[in-house]
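# Topology and contacts: notes
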Amino acid sequence: MFIKKAILAVVMTAALAGCETQTEGQQRATTGALLGGAGGALVGQAIGGNTKSTVIGAASGALLGAVVGSATTPQRRGEQLCRYQDRYGRIYTAPCDDRYYNGDY
């Protein structure tokens, strides 16, 4: 039993170590997938009581957790670049102004 816990700890550490170079959205999706997978496995085991139900619950929970984690990532102002055209017809990019965020573009 100790070996299984040690292997699980190594796998979880390796999975979380890869999060250092990810963007915030990727980190939230990864965390959501891990938490959703664990929760889904518990629910699948509680409902079905067999390995197939546990695997289906884990997969469903991981997918749902990744989608929710990614979708709830807040968008920061100033990171979006918009294309503008000046009065001479030249096109340039610059951080979006409030018209973009208010939907008045």
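Everything discussed here concerns the structure shown above.
From a predicted model like this one, the values you see are computed outputs, not experimental measurements.

Before going further, it helps to examine the overall build of the chain. Helices and strands together make up the secondary structure of the chain, namely four helices and two strands. Each helix and strand of the chain, placed in order from N terminus to C terminus, yields the pattern α-α-α-β-β-α. Put simply, 35% of the contacts in the chain that link residues at least 6 apart link residues at least 24 apart. Summed over all atoms, the accessible surface of the chain reaches about 8200 Å², with 63% contributed by carbon and sulfur.

This part covers the environment of Gln-26. In this structure, Gln-26 sits in helix 2 (residues 24-48). For the pair formed by Gln-26 and Ala-66, sequence separation is 40 residues and the distance between their alpha carbons is 8.9 Å.

What follows concerns the side chain of Thr-54. Mapped onto the secondary structure, Thr-54 falls in helix 3 (residues 51-71). Only 3.0 Å separates the side chain of Thr-54 from the backbone oxygen of Asn-50, close enough to count as a polar contact. Discounting residues that sit within four places of it in the chain, Thr-54 has contacts with Ala-41, Gly-44 and Gln-45.

Moving on, we get to the pairing of strand 2 (residues 91-95). With five bridges connecting them, strand 1 (residues 81-85) and strand 2 associate as antiparallel partners. Its bridge partner lying in strand 2, Cys-82 is registered against Ala-94. In this antiparallel pair of consecutive strands, strand 1 and strand 2, the connection spans five residues, and Gly-89 shows a positive phi of 90 degrees.

Compared with an ideal rise of 1.5 Å per residue, which puts 21 residues at 30 Å, helix 3 spans 30 Å between its outermost C-alpha atoms and is within 8% of the ideal. Tucked inside the fold, the buried residues of helix 3 contact helix 2.

Here is what the cut-offs are and how they apply
Residues numbered from 1 in each chain as written. Predicted model: local features only at pLDDT ≥ 70, side-chain atom pairs only at ≥ 80, totals over all residues. Heavy atoms only, no water. Helix = DSSP H or I, 4+ residues; strand = E, 2+ residues; numbered from the N terminus. Contact = heavy atoms within 4.5 Å. Areas by Shrake-Rupley, 256 points an atom, 1.4 Å probe, with all protein chains shown as cover. Polar contact = N/O pair within 3.5 Å; in protein donor to acceptor, adjacent residues only side chain to side chain. Pairing = 2+ DSSP bridges. Expected span 1.5 Å × (residues − 1).

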